[in-house]
Amino acid sequence: MGLDVVVWWDKNDNNWKVFDDKCPHRLAPLSEGRIDQWGRLQCVYHGWCFDGSGDCKLIPQAPLDGPLVHSFSKACVGVYPSTVQNGIVWFWPNTDPQYKDILTEKKPPYVPELDDPSFLGETFTRDIPYGCDFLIENLMDPSHESSDSTQENSAKTPPRKHLFVFYCIPVSPSNCRLICLAPRNFTLWIDPFITRWMHHVMQNLVIDSDMYLVRVQEEKLMKAGPSNWHKVCFVPTKADTMVTLYRTWLKKYAGGQVVWGTQSIPSIPPKEQLMDRYWSHVVHCSSCTSAYKGLNALKISFQVFSVALVAILGATKPGMISIAARNTLAVAAILCFVGSKWLSHFIYKNFHFHDYNHAFK
Ligand code: FES
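Throughout, a residue's number is its position along its own chain's written sequence, starting from 1. Local features are withheld for residues below a pLDDT of 70 in this predicted model, meaning they are given only at 70 or higher, and side-chain atom pairs are given and counted only at 80 or more; totals for whole chains, interfaces and linings count all residues. Water and hydrogen atoms play no part in the side-chain values, which are based on all heavy atoms of the structure.

Considering the UniProt feature "domain: Rieske" (unreviewed entry) in the protein
Which entries qualify depends on this criterion: UniProt positions are given in the numbering used here, feature names are shortened, and annotations may be inferred rather than shown by experiment. Going along the chain from the N terminus, every DSSP run of H or I of four or more residues is numbered as a helix, and every run of E of two or more is numbered as a strand.
Within the UniProt annotation, "domain: Rieske" (unreviewed entry) is assigned to residues 1-91. Measuring from the first to the last C-alpha atom of residues 1-91 gives 11 Å, for a span that is 0% helix and 34% strand.

Observations regarding the nonpolar core
How we decide: Note on terminology: a nonpolar core comprises buried Ala, Val, Leu, Ile, Met, Phe, Trp, Tyr and Cys residues joined through side-chain atoms within 4.5 Å. The cut-offs for exposure are 20% and 50% of the maximum accessible area for each residue type, with area from a 1.4 Å probe on protein chains only; residues under the lower value are buried, those over the upper are exposed, and the others partly exposed. For this analysis, residues touch if any pair of their heavy atoms sits within 4.5 Å.
Counting residues in hydrophobic clusters, the biggest one holds 20 residues, and the most contacted among them are I128, Y130, L135, L178, I207, M211 and M275. When residues of this core are traced back to their parent elements, those giving at least two are β10 (123-128), α2 (132-139), β12 (175-181) and α5 (196-224). Those residues in contact with I128 that sit more than four places away from it in its chain are L135, S174, N175, C176, L178, I207 and M211. If you look at the next biggest cluster of nonpolar residues, it comprises 14 residues, including C23, C43, W48 and V77.

A look at the domain arrangement of the protein
When the parts come together, some accessible area is lost, and that loss is often what is quoted as the size of the interface. Rule in force here: Where each domain starts and ends comes from a domain assignment, either automatic or drawn from a database. Buried area adds together the accessible area that both of two parts lose upon being put together, with accessible area traced by a 1.4 Å probe.
Its domain assignment divides the protein into domain 1 (5-105), domain 2 (112-283) and domain 3 (286-360). For domain 2 and domain 3, the distance between their C-alpha centroids amounts to 37 Å. Contacts between the two partners involve 18 residues from domain 2, matched on the other side by 18 residues from domain 3. When domain 2 packs against domain 3, the two sides together hide about 1600 Å² of surface, and 62% of this comes from carbon and sulfur.

So, the sheet that holds strand β11 (residues 165-172)
Strand pairing in a sheet is mediated by backbone hydrogen bonds. Such pairs are either parallel or antiparallel. Worth spelling out the cut-off: Strands qualify as paired when DSSP identifies two bridges or more between them. A fitted line through C-alpha atoms serves as each axis, taken over the contacting stretch for helices, and the angle formed by two N-to-C directions is quoted from 0 to 180°.
As summarised here, the arrangement of the 3 strands in space is β10-β12-β11, forming an open sheet in which the pairing is antiparallel. Both edges of this open sheet fall to β10 and β11, since each of them pairs with a single strand only. Direction aside, neighbouring strands of the sheet carry axes that sit 15° apart on average. Pairing between β11 and β12: 7 bridges, direction antiparallel. Bridge pairing in β12 places P170 opposite C176. Contacts between α2 and the sheet are confined to β10, β11 and β12, with β11 contributing the most and set at about 160° to the helix. The strands touched by α5 within the sheet are β10 and β12, with β10 carrying the most contacts at an inclination of about 35°.

What about the pairing of strand β9 (residues 88-91)?
Summarising the sheet, strand β8 (residues 82-85) and β9 pair through 4 bridges and their orientation is antiparallel. Of the residues in β9, the one forming a bridge with T83 is W90. Adjacent in sequence and paired antiparallel, β8 and β9 are bridged by 2 residues, among which N86 carries a positive phi angle near 55°.

Quick look at the side chain of R126
This is how it is decided: Pairing of N or O atoms within 3.5 Å defines a polar contact, subject to two protein rules: one partner must be a possible hydrogen donor and the other a possible acceptor, and residues neighboring in sequence count only if both atoms are side-chain atoms.
Mapped onto the secondary structure, R126 falls in strand β10. Residue R126 is classed as buried on the basis of its relative accessible area, which comes to 1%. At 2.9 Å, the side chain of R126 and the side chain of D208 are in polar contact. At 3.4 Å, the side chain of R126 and the backbone oxygen of D276 are in polar contact. Excluding its chain neighbours within four sequence positions, the residues that come into contact with R126 are C176, R177, L178, N204, I207, D208, M211, M275, D276, R277, S280 and H281.

Digging into the sheet that holds strand β2 (residues 15-20)
Strand order in the open sheet made by the 3 strands is β1-β2-β7, with antiparallel pairing throughout. Each edge of the open sheet carries a strand with a single partner, namely β1 (5-10) and β7 (79-80). In this sheet, β7 lies alongside β2 in antiparallel orientation, the contact comprising 2 bridges. What sits directly across from V18, in β7, is Y80.

Details of the UniProt feature "transmembrane region" (unreviewed entry) in the protein
UniProt tags residues 297-316 and 328-348 as "transmembrane region" (unreviewed entry). Split by type, residues 297-316 is 95% helix and 0% strand. Its first and last C-alpha atoms lie 28 Å apart. Summarising residues 328-348: 100% helix, 0% strand, and an end-to-end C-alpha distance of 30 Å.

Set out below in structure tokens:
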């Protein structure tokens with residue numbers, strides 16, 4: 001939402017806290033700070049410390065016999081009202097004290113299945129290089145979702161329950177974050193064989209499949225003017241009803257777009273950067289990071305084996321080992337080399353960049 005926030009665990013209150021990411025002293029980012037031994041958030045620039053209410057508890061440079069400058073209201077950090085629901089930290093995007101108790105009156109949308117232990121499913125997040133409004137439009141568009149095999153599967157299993165829950169978070173112009181959950185109350189025979197990172201590889205592929213299309217779509221609508229969506233888009237069939245209603249709603253309440261003030265959308269980056277998976281997902285995901293490291297270690301092992309086997313073959317004089325043994329070593333060296341090359345390609349394609357092309361699917 002264009003807000004810089006620092007989210008930290010307050011062990012004294014046993015709760016997550018969401019603060020303005022701006023030290024009241026000289027505006028250094030508190031997200032670069034640390035939690036001190038008393039569980040307070042400490043700015044690492046000059047060491048000011050703040051408790052979970054945003055009150056300043058220590059200014060190291062203030063003389064002990066001087067005025068209690070840390071107790072001045074200007075020494076406090078802005079605190080966003082926050083709560084945890086469905087395992088997600090939510091915050092009200094305003095630090096004005098009048099909203100201090102807002103979350104007792106207004107609750108984020110609650111999905112009971114996400115807290116139901118009889119449901120299982122993976123959480124997936126990805127930073128998306130186009131606007132939140134376009135992500136929502138993309139996800140609520142049945143005419144393109146109907147070609148998605150996961151939708152077909154869930155439609156074939158009416159007695160069982162399989163939900164798709166999407167949280168779309170506006171971050172900055174042409175940037176948003178998707179949190180996707182798919183709880184279901186049944187298992188499949190294949191479940192034990194599909195690890196979390198494999199699920200994520202598939203979900204990244206689904207996201208990438210529309211990435212470039214939607215980013216270009218956004219660029220064109222921005223040029224035409226977001227409030228002109230109904231004029232520049234021709235939506236004559238029933239299949240577009242949801243999207244049309246959504247755009248009508250967005251125009252009525254927000255002039256057709258998420259309002260970012262003076263900020264404008266950046267130009268479209270090269271595809272390799274636009275669809276990069278490493279920085280938009282892998283580094284934030286413990287499962288994918290482990291798999292990435294493990295597969296890279298395997299690749300390097302293959303390379304080392306391959307070189308070692310070639311070295312052994314080179315150092316072995318004719319007659320020292322049988323021809324069959326020599327051939328076996330040569331084949332093993334080739335297999336290790338091919339294996340390392342294949343892994344290198346696999347890692348790049350699944351953890352960095354997959355140039356999804358609809359024309360070849
Ligand atoms: S800027 Fe944070 S303590 Fe100085």
